[in-house]
Amino acid sequence: MSYKSKIVSTGKYLPEGVITNFDLEKLVDTNDEWIVSRTGINTRRKALESVLDMAYNASMDAIKKAEYDKDKIDLIIVATITNEIKSPSIANLLQAKLGLNDKQVMAFDVNAACTGFVYALEVATSLLQSWKFKSALVVGSEKMTNIVDFTDRNTCILFGDGAGSMIVEPGDIDSVFYNDSKGDNTKILEVDKYVKMNGPRVYQFAVDIIPKTINKILRDNNLTLDDIDVIIPHQANKRIVESIIKEMNLSDDKVILNIDRYGNTSAASIPITIAEYKEENKDLKTILIVGFGGGFTWGAAILKI
Ligand code: UT7
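Nothing here was measured: the structure is a model prediction, and the numbers come from that model.

Calculation notes
- Residues numbered from 1 in each chain as written.
- Predicted model: local features only at pLDDT ≥ 70, side-chain atom pairs only at ≥ 80, totals over all residues.
- Heavy atoms only, no water.
- Phe/Tyr/Trp six-rings, centres within 6.5 Å; stacked < 30°, edge-to-face > 60°.
- Helix = DSSP H or I, 4+ residues; strand = E, 2+ residues; numbered from the N terminus.
- Buried < 20%, exposed > 50% of the residue type's maximum accessible area, 1.4 Å probe, protein only.
- Lys NZ or Arg CZ within 6 Å of the ring centre and 35° of its normal.
- Polar contact = N/O pair within 3.5 Å; in protein donor to acceptor, adjacent residues only side chain to side chain.
- Pairing = 2+ DSSP bridges.
- Core = buried A, V, L, I, M, F, W, Y, C linked by side-chain atoms within 4.5 Å.

**Q** Just give me the short version of the packing of aromatic side chains, but keep the residues and values in it.
**A** Per the stated rule, a full pass over the model turns up four aromatic pairs. Relative to tryptophan 298, the ring of phenylalanine 205 has its centre 6.0 Å away and its plane inclined at 70°; by these criteria the two rings are edge-to-face. Separated by 93 residues along the polypeptide, phenylalanine 205 in helix H6 (residues 199-220) and tryptophan 298 in strand E12 (residues 297-304) bring together distant segments of the chain. This pair shows no difference in class: phenylalanine 205 is buried, exactly as tryptophan 298 is. Ring-pair connections join several aromatic residues into one group, and the members of that group are Phe205, Phe292, Phe296 and Trp298. Here the guanidinium or amino end of lysine 97 rests over the ring plane of tyrosine 56, the centre of that ring lying 5.2 Å away. If you follow lysine 216 out to its NZ or CZ, it ends over the ring of tyrosine 178, 5.3 Å from the centre.

What follows is the structure, given as C-alpha cells:
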C-alpha cells in the first residue's frame, strides 16, 4: 500500500568535534590503515551537545531551509537509542525547545536501533494519511559516543554523533514502506551500558538482509531499480555497501555514501545522508532508503524528495 504525503524539507546537524583514526590509535590497539580498509571511515563526530540539542539543531535546519511555520507541527517522532534519560522522550523535550508546548502535539520516541528513522517515518506517514495531523517532524538523533566503550576496538572505531530531520505533510505524492523485525536474544548486537557486538555476525546479517529488503520493496510495488534515482543505505560499513553494489550489479553513483566523514550514526545516518543529498540535488528525486540494525530490525522506503 502506498501512503500519500509530501516531504516539505530535510535538515541535518553534525557536531563540530572530530575524532580521527589517529586519535583512536592513541586509545586502542588499532591503526588508520586497518580502519580505512575494513570500514571506509576516516573521521566521525563527537558531540559536546546532548541528543536533544542535536535533534533541535537538525530540526531548525529543516525549518529554516523551507522557511517553515513551525507552529503547524502537530506530530513529533524522534528515533533514538541514546536518550540520556528514560523519560521524558526526546520528542517531548524537542516540543518544548521548539516552543510548541501551547499547541496540541503528539510526541514520542521510537527505538528500532539503526532502522529507527525508517520505522519513525512510516509511523508518521501513516498517521498523516488519517488527515488528523497537519505536519510531522521526524528526527533521528544519536550521541553514540555516550554508549561506546573507548577501550573496545571492535566498536569504538565505528560510531559517531549527529542528527537528521524531515518535515512531512499530508499531500498527494506516493511513498511506500517495508519494515520488518526478528526478535533476537543471541546478544550479537546489543546496548547495555555500552554497545556490544559480534562484528562479523552483524556484517553477515547486513549483507544478506539489505539486498533482500531492496528487492522486496521493489517487487511488492512493481518497480525496478531503473525507477530509483539513488539508494541511500544506513551508513554502517563501506565494505557492506560495496558488497551490495557488487551483488546487485549497481553503478557506484547509484548509492550515496558519507561514512568516510561521519562513521555510523545509528538512527541519524539515513536522515543526515538524505539532507546532504538534497542540498546537492534540488530537483525532485526518487530515493530508496534502506536500513538494518539491532533487534534485529530492517526496513526500506521509496520516497520523493
Ligand atoms: O549499525 C549496525 C551495527 N554494526 C555494524 O554494522 C557492524 C558490522 N560489522 C563490521 O562492520 C565489521 O565486522 C567490523 C568493522 C566490526 C570488523 O571488521 P572485520 O573485517 O569483520 O574484522 P574481524 O572482527 O573479523 O577481525 C579481523 C581481525 C582480528 O584479528 P585476527 O583474529 O585475525 O588476528 C581482529 O582482532 O582484525 C582484528 N581487529 C582489529 N585490528 C585493528 C578487530 N578490530 C580491530 C581494530 N583495529 N579496530
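Resuming the write-up.
**Q** Please give an account of the environment of arginine 44 that cites residues and values.
**A** Along the chain, the position of arginine 44 falls in strand E3 (residues 43-46). Classification of arginine 44 by relative accessible area gives buried; the value is 0%. Sequence separation between arginine 44 and phenylalanine 177 is 133 residues, and the spatial gap between their C-alpha atoms is 29 Å. Among the polar contacts listed, one links the side chain of arginine 44 to the side chain of asparagine 21, at a separation of 2.9 Å. A polar side-chain atom of arginine 44 sits 2.7 Å from the main-chain carbonyl oxygen of isoleucine 157.

**Q** Provide a residue-level description of the pairing of E12, including the pertinent values.
**A** Counting buried positions along E12 yields seven of eight residues, so the element is predominantly enclosed. Two elements, strand E7 (residues 161-181) and E12, share six bridges in a ladder whose sense is antiparallel. Counted as the bridge partner of serine 181 is threonine 297 from E12. Pairing geometry for strand E11 (residues 286-293) and E12, over eight bridges, is antiparallel. From the neighbouring strand, isoleucine 287 faces E12, where its bridge partner is leucine 303.

**Q** Give me the lowdown on unusual backbone geometry, citing residues and values where you can.
**A** Residues serine 87 and proline 88 are joined by a peptide bond in cis, for which omega reads 0°. Within the element layout of this structure, proline 88 appears in the loop between strand E4 (75-79) and helix H4 (90-97). Cis geometry marks the peptide bond from glycine 295 to phenylalanine 296, where omega comes out at -10°. Tracing the sequence through the fold places phenylalanine 296 in the loop between E11 and E12. For glutamate 67, which is not glycine, the phi torsion reads 45° and is therefore positive. Backbone geometry places lysine 187, a non-glycine residue, at a positive phi of 60°. Note on placement: lysine 187 falls in the loop between E7 and strand E8 (189-191). Residue class for lysine 187 comes out exposed when judged on its relative accessible area of 58%.

**Q** Provide a residue-level description of the nonpolar core, including the pertinent values.
**A** If you look at the biggest cluster of nonpolar residues, it comprises 45 residues, and the most contacted ones within it are Ile210, Ile214, Ile231, Ile240, Leu250, Leu288 and Phe292. Broken down by secondary-structure element, the contributors of at least two residues to this core are E7, strand E9 (195-197), H6, helix H7 (238-247), E11 and E12. In terms of residue count, H6 provides more of this core than any other element does, nine residues in total. Counting residues in hydrophobic clusters, the runner-up holds 31 residues, among them Phe117, Ala124, Val230 and Ile270.

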